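# A closer look at the structure
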Amino acid sequence: ITKNGQIIIEARDKLGNGKRLKYLHNALSIEVRSDIVFKAVNWKDSTCELVTVKNIGRDTIEFLGSSIAGDSRVQFENGIPLVNKRIAPKDSVKFTVCFKPNFDSTALNAVLSLNVDCDRTISIPITGAVAAPSLLVKGWDFGKVLIGDTACATVYVINNGNSVLDIQKLAVSPYEPAYSY
């Protein structure tokens, strides 16, 4: 984000007397993951990812705030972390980001922002895929069939979800009556 630097000011009067002032700037240096990816989360489920922010610099870092923008289905687990939080050198802080699709099968695209002093923001993209398996069955009504007769019809099983499904077996539900009168 920034680099270490130094400023040297050298002042002299008419007689050659001088003074040298030196200011060392230690750059913001943190270790944090480059992205958060939620892979194939079932649209009826939820999942969480742990995020660790480590200060690997020489100075204490002050985080002014943090936020998640872009999708309301992703949130911090226990409230907003890193609000007016100071992290000493070689120290770290951990927090959890959770994704709950809430039956919405659209892809996740959001951004985690960590705000530090001097109007600097560290942005971490959050992406995810939602698995929404679903089958639609059409043509299963054979009409009225007498006992002992045979009825034939075409039954369509349609994958109307967003996931590949491998059907191994089709069976009549035990909750459906075999016949009614």
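Use the structure listed above.
Counting starts from 1 at the beginning of each chain's written sequence and moves along it residue by residue. Side-chain atom pairs in this predicted model are given and counted only at pLDDT of 80 or more, local residue features only at pLDDT of at least 70, and totals for whole chains, interfaces and linings cover all residues. With hydrogens and water set aside, each side-chain value is computed from the structure's full complement of heavy atoms.

### Quick notes on the packing of aromatic side chains
Basically, it comes down to this: Centres within 6.5 Å make a pair out of two Phe, Tyr or Trp rings, where for Trp the six-membered ring is used; the pair is then stacked when the planes are under 30 degrees apart, edge-to-face when over 60, and tilted otherwise. Here a strand is any run of E in DSSP of at least two residues, a helix any run of H or I of at least four, and the numbering for each starts at the N terminus. Exposure categories follow from relative accessible area, calculated using a 1.4 Å probe and restricted to protein chains: below 20% of the type maximum is buried, above 50% is exposed, and the middle band is partly exposed.
Overall, the coordinates contain 3 aromatic pairs when judged by the stated rule. Ring centres 5.5 Å apart and planes at 45° place the aromatic pair Phe38 and Phe99 in the tilted group. Of this pair, Phe38 sits in strand S4 (residues 36-42) while Phe99 is found in strand S9 (residues 92-99), placing the two residues 61 residues apart along the sequence. Phe99 carries the same exposure label as Phe38, and that label is buried.

### Here we look at the pairing of strand S2 (residues 18-25)
Inclusion rule: Strand pairing is assigned whenever DSSP detects at least two bridges linking the two strands.
When you tally the buried positions in S2, you get 0 out of 8 residues, a small fraction of the element. Taken together, the 8 bridges between strand S1 (residues 5-12) and S2 define a ladder with antiparallel strand orientation. Directly across from Gly5, in S2, lies its bridge partner His25. Count of turn residues in the S1/S2 antiparallel hairpin: 5 residues, of which Gly16 carries a positive phi of about 90°.

### Thoughts on the nonpolar core
Threshold: Each nonpolar core is a collection of buried residues, namely Ala, Val, Leu, Ile, Met, Phe, Trp, Tyr and Cys, held together in the definition by side-chain atoms within 4.5 Å. We call two residues contacting when some pair of their heavy atoms lies within 4.5 Å.
By size, the foremost hydrophobic cluster in this structure holds 26 residues, and its most contacted members are Phe38, Val53, Phe63, Phe95, Val97, Leu114 and Ile126. Looking at this core, the elements with two or more residues in it are S4, strand S5 (47-55), strand S6 (61-69), strand S7 (74-76), S9, strand S10 (108-116) and strand S11 (120-131). Considering every element that reaches this core, the biggest residue donor is S10, with 5 residues. Excluding residues that lie within four positions of it along the chain, Phe95 makes contacts with Glu49, Leu50, Val51, Val53, Phe76, Pro81, Leu82, Leu112 and Leu114.

### A look at unusual backbone geometry
Non-glycine residue Asn84 carries a positive phi angle of around 50°. By the element assignment, Asn84 lies in the loop between S7 and strand S8 (85-87). The backbone phi angle of Phe103 is positive, close to 65°, even though this residue is not glycine. Its location among the elements puts Phe103 in the loop between S9 and S10. Its relative accessible area of 55% is what places Phe103 among the exposed residues.

### Regarding the sheet that holds S7
Taken in spatial order, the 4 strands of this open sheet run S3-S5-S9-S7, and their pairing is antiparallel. Each end of this open sheet is capped by a strand with a single partner; those strands are strand S3 (30-31) and S7. Sheet topology places S5 next to S9; 8 bridges connect them, and they run antiparallel. Residue pairing in the sheet places Thr47 in a bridge with Phe99 of S9.

### Looking at the pattern of salt bridges
Here is the rule: Every case where a carboxyl oxygen of Asp or Glu lies within 4 Å of a side-chain nitrogen of Lys or Arg is listed as a salt bridge.
As enumerated under the stated definition, the model contains 7 salt bridges in all. The salt bridge partner of Arg12 is Glu10, with a shortest N-O separation of 3.5 Å. For Arg12, a relative accessible area of 56% translates into the label exposed. The exposure class assigned to Glu10 is partly exposed, which follows from its relative accessible area of 48%. Here Asp71 ties to Arg73 by a salt bridge, and the two come within 2.8 Å at their closest N and O atoms. Accessibility expressed as a relative area gives 7% for Arg73, which makes it buried.

### Some details on a nonpolar patch on the surface
As a reminder, the rule being used: Like-charged residues within 9 Å of one another, or nonpolar side chains (Val, Leu, Ile, Met, Phe, Trp, Tyr) within 5 Å, are grouped into patches, provided each residue has over 30% relative accessible area and no salt bridge. Note that accessible areas follow from Shrake-Rupley with a 1.4 Å probe, and for residues the cover is restricted to the protein chains shown.
Taken together, the side chains of Leu135, Val137, Trp140, Phe142, Val145, Val155, Val157, Leu165, Ile167 and Leu170 present a nonpolar region at the surface, about 890 Å² in accessible area. Relative to the helices and strands, Leu135 is located in strand S12 (residues 135-138).

### Here's the deal with the state of the cysteines
Under the convention used in this document: For the purposes of this analysis, a disulfide is any pair of cysteine sulfur atoms at a distance within 2.5 Å.
Scanning the entire structure with this criterion turns up 1 disulfide. Each disulfide pairs two cysteine sulfurs, and for Cys48 the partner residue is Cys98, the sulfurs being separated by 2.0 Å. Negative torsions about the S-S bond denote left-handed disulfides, and the value of about 100° found for Cys48 with Cys98 makes this one right-handed. In this pair, Cys48 is assigned in strand S5 and Cys98 in strand S9, connecting sequence segments 50 residues apart. Overall, Cys98 belongs to the buried group, its relative accessible area being 16%.

Everything listed here is a matter of coordinates, which is why it stays silent on function.
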